[in-house]
Amino acid sequence: MPIHPIEYRYGSEEMRRIWDRREWLRRMVKVEAALLKALAEAGVVPSEAAEKVWTVVENEAVTLEAVNRWERITDHEVVAVVKALAEVSGVYGGYIHLGATSNDITDTVLATQLRDSINLIMRRLKDLASVLSELAEKYRDLVCLGRTHGVAALPITLGFKFAVYAAEVVRHIDRLREAKPRVCVGKMSGAVGTMASFGEKGFQIQKRVMELMGVEEPLIATQVVPRDGLAEFITLAAMIASTLDKIANEIRNLQRTEIREVEEPFREESQVGSSTMPHKRNPIKCEKVCGLAKVLRSEALAALENVVLEHERDLTNSSCERVIVPEVCLLLDEQLRTLVKVLRGLRVYPENIRRNLDSMRGLIMSEAVMMAMVSKGADRQWAHEVVRRCSMEAWRTGKHLKDVLTANQEVRRYLTAEEVERVMKPENYIGTAREQVDRVVTYIREKLKTLAL
């Protein structure tokens, strides 16, 4: 009976397959077969033993039911896999797991799961960067309010906002690519990492197993692969989740009834916003993205604590990782897929954007006025104070700032009424916003072409 939401609610089937229990077993026995193959190539075991076990593994002769039966007997998960594989391998079963310790198998399996999960996450990030770039280009020229402290600041463009997000997403792709060789690391070095059970052929055996499994080998390890790599991945996943949280939170804020500049997709023909209020159109998809980010950030702390193990290892990380690692991958996958869907169907309301610009009665152009006065020879500090007093009058009286400025003799010493009129237009004070959008879009498109995902 499903209990945890990732069993039925969160994460794609593609990501779920990576962490599925039966897929875990397929990878476990493959590592055991890869070890035998490496041992045979090193002349430690007969080649026919390796060939037989490899065939057994390829035919998926080991069942989860058999593993579960052996685990009830042995109370040891890896021994249960070894015994289940041995009993279908005939006379060659006695060679299985020769020289290995449990974490040689489980850490190498984890490395393959992380490799495949990172590849999928990077594809999702590529999709996100692509759709953000498209929105940046589409709304490159749509002037809107820039807000700081939640208060109207200066005009920007909506495309500029999306370009900022797109650039951040691409940085995460770079971070993942750089971290991947440090994260996807297996091992085959025995009980405390000295390779004593493999003798002088230890390096050869470990290298070959990792080649067969398609993951990195460690420079050095104890009984476990050091957990700093896993902590790096989960911390990075939390950083990505926080970026998604930021984007989704902005959409939520801009969807507020009194703002309503954008809105996440809503199926008017069937979607229900509230069980009691028929009119509601709530940003539930963005709220899900924000909510899941809280979970991922908390799991980064657990991953950091798992770096600390006693002596050459203890087992305090194991139970924790069984929970947090698949959760991190599935929940991040859910966030990414959800946000891409939201952005692809995002509704933008230019008329509301213009209304909100105009609602400030010109106050967002105060810096532009000050800069125009300075360009005509005014002292910067003096000009700031003059425009500040005019702005406070506009706030207090409800007048348009343009009217207050044109009536102010100190302002008129430097600017004519026509110049004030021109300076007060938001589209005339967006600096290099358009050019910055162009630069980001060009950079990202070239970048994404080079990504082999």
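Residues numbered from 1 in each chain as written. Predicted model: local features only at pLDDT ≥ 70, side-chain atom pairs only at ≥ 80, totals over all residues. Heavy atoms only, no water.

1. Examining the overall build of the protein
When helices and strands are counted, the protein shows 18 helices and four strands. In summary, the protein has a C-alpha radius of gyration of 30 Å against a globular reference of 22 Å for 453 residues, an excess of more than 25%. Principal-axis analysis of the C-alpha atoms places the extent of the protein at approximately 100 × 55 × 40 Å. Residue burial in the protein is summarised as follows: out of 453 residues, 51% are buried. A sequence separation of at least 24 residues applies to 76% of the contacts in the protein between residues at least 6 apart. (Helix = DSSP H or I, 4+ residues; strand = E, 2+ residues; numbered from the N terminus. Rg over C-alpha atoms; globule rule 2.2 N^0.38 Å. Buried < 20%, exposed > 50% of the residue type's maximum accessible area, 1.4 Å probe, protein only. Contact = heavy atoms within 4.5 Å.)

2. Quick look at the packing of aromatic side chains
Taken as a whole, this structure holds one aromatic pair when the rule is applied. The lysine or arginine in question, Lys37, covers the ring of Trp54, its NZ or CZ lying 5.4 Å from the ring centre. It is Arg260 that lies over the ring of Tyr349; its NZ or CZ is 4.4 Å from the centre. (Phe/Tyr/Trp six-rings, centres within 6.5 Å; stacked < 30°, edge-to-face > 60°. Lys NZ or Arg CZ within 6 Å of the ring centre and 35° of its normal.)

3. Some remarks on the pairing of strand S1 (residues 143-148)
On any regular strand, side chains alternate: one points to one face of the sheet, the next to the other face. The pairing of S1 with strand S2 (residues 151-157) spans five bridges and is classified as antiparallel. Along S2, the bridge assignment pairs Val143 with Thr157. Count of turn residues in the S1/S2 antiparallel hairpin: two residues, of which His149 carries a positive phi of about 60°. (Pairing = 2+ DSSP bridges.)

4. Examining the nonpolar core
In terms of nonpolar packing, the biggest core is built from 78 residues, with Leu128, Phe162, Phe233, Leu339 and Leu343 touching the most fellow members. Elements represented by at least two residues in this core include exactly helix H1 (13-19), helix H6 (102-138), helix H7 (158-183), helix H9 (228-254), helix H10 (284-305), helix H11 (316-344) and helix H18 (433-450). Per-element accounting of this core gives the leading share, 14 residues, to H9. Other than its neighbours up to four places away in sequence, Phe233 contacts Leu114, Ile118, Ile121, Leu176, Val183, Val328 and Cys329. Judged by nonpolar contacts, the second largest core, of 42 residues, contains Ala38, Val62, Ile205 and Met213. (Core = buried A, V, L, I, M, F, W, Y, C linked by side-chain atoms within 4.5 Å.)

5. A look at unusual backbone geometry
Here the phi dihedral of Met195 falls at roughly 65°; this positive angle occurs in a residue that is not glycine. Following the sequence through the fold, Met195 ends up in the loop between H7 and helix H8 (202-213). In this structure Met195 comes out as buried when scored by relative accessible area, which is 10%. The phi dihedral of His311 falls on the positive side, at around 50°, and the residue is not glycine.

6. Remarks on the pattern of salt bridges
This model, assessed by the stated rule, comprises 47 salt bridges. Linking Asp174 and Lys447 is a salt bridge whose minimum nitrogen-to-oxygen distance equals 2.9 Å. Taken as a pair, Asp174 in helix H7 and Lys447 in helix H18 lie far apart in primary sequence, 273 residues in all. Salt bridges sharing partners connect three or more residues here, namely Glu14, Arg123, Arg124, Lys288, Asp333, Glu334 and Arg337. (Salt bridge = Lys/Arg side-chain N within 4 Å of Asp/Glu carboxyl O.)

7. Considerations on helix H2 (residues 21-41)
The end-to-end C-alpha separation of H2 is 30 Å, in line with the 30 Å expected for 21 residues at 1.5 Å each. Burial analysis of H2 places 15 of its 21 residues in the buried class, which makes it a mostly covered element. The backbone nitrogen of Arg22 lies 2.9 Å from a side-chain oxygen of the residue at the head of H2, namely Asp20. Two residues or fewer after H2 comes Gly43, characterised by a positive phi angle close to 80°. (Expected span 1.5 Å × (residues − 1). Polar contact = N/O pair within 3.5 Å; in protein donor to acceptor, adjacent residues only side chain to side chain.)

8. Things to note about the environment of Val386
Checked against the element boundaries, Val386 lands in helix H14 (residues 380-397). Apart from residues no more than four positions distant in its own chain, Val386 is found in contact with Met373, Asn408, Glu410 and Val411.

9. Quick word on the packing of H2 against helix H4 (residues 64-74)
The contact between H2 and H4 brings their axes to 10 Å, and the two run at 80°. With respect to their mutual orientation, H2 and H4 come out roughly perpendicular. Of the residues in H4, those in contact with Arg21, Arg22 and Leu25 of H2 are Leu64, Glu65, Val67 and Glu71. Residue composition of the contact of H2 with H4, grouped by class: three nonpolar, no polar and four charged. (Axes fitted to C-alpha atoms, helices over the stretch in contact; angles between N-to-C directions. Parallel < 35°, antiparallel > 145°, perpendicular 65-115°, else oblique. Nonpolar A, V, L, I, M, F, W, Y, C, P; charged D, E, K, R; others polar.)

10. Some points on H11
In this model H11 runs 43 Å from its N-terminal to its C-terminal C-alpha over 29 residues, within 8% of the 42 Å that 1.5 Å per residue would give. Of all the bends in H11, the greatest, near 35°, is centred on Arg322, and the proline Pro326 appears no more than four residues after it. Taken across its 29 residues, H11 has 21 buried, putting it largely inside the fold. (Bend = angle between axes of the 7 residues up to and from the residue.)

11. A few points about the side chain of Gln335
On the secondary structure map, Gln335 appears in helix H11. On the basis of relative accessible area, Gln335 is assigned to the buried category, the value being 1%. When residues no more than four places from it in sequence are discounted, the contact partners of Gln335 are Ala241, Leu244, Val289, Leu292, Ala293 and Leu296.

12. A word on the packing of H6 against H18
Contact geometry for H6 and H18: axes closest at 10 Å, N-to-C directions at 150°. One element, H6, and the other, H18, form an angle in the roughly antiparallel class. For the pair H6 and H18, the crossing hand works out as left-handed. Residues Lys126, Ala129, Ser130, Ser133, Glu134, Ala136 and Glu137 of H6 form the contact with H18, whose own contacting residues are Val437, Val441, Ile444, Arg445 and Leu448. (Left-handed = near helix turned anticlockwise from the far one by under 90°.)

13. Observations concerning the side chain of Asn282
Structurally, Asn282 can be placed in the loop between strand S3 (262-263) and H10. Relative accessible area serves as the criterion here: at 18%, Asn282 is assigned to the buried category. A distance of 2.8 Å separates a polar atom in the side chain of Asn282 from the backbone oxygen of Gly273. A polar contact of 3.1 Å, which involves the side chain of Asn282, links it to the side chain of Lys280. In this structure Asn282 touches Gln255, Glu264 and Gly273, once residues within four positions along its chain are discounted.

Purely geometric numbers; function is a separate question.
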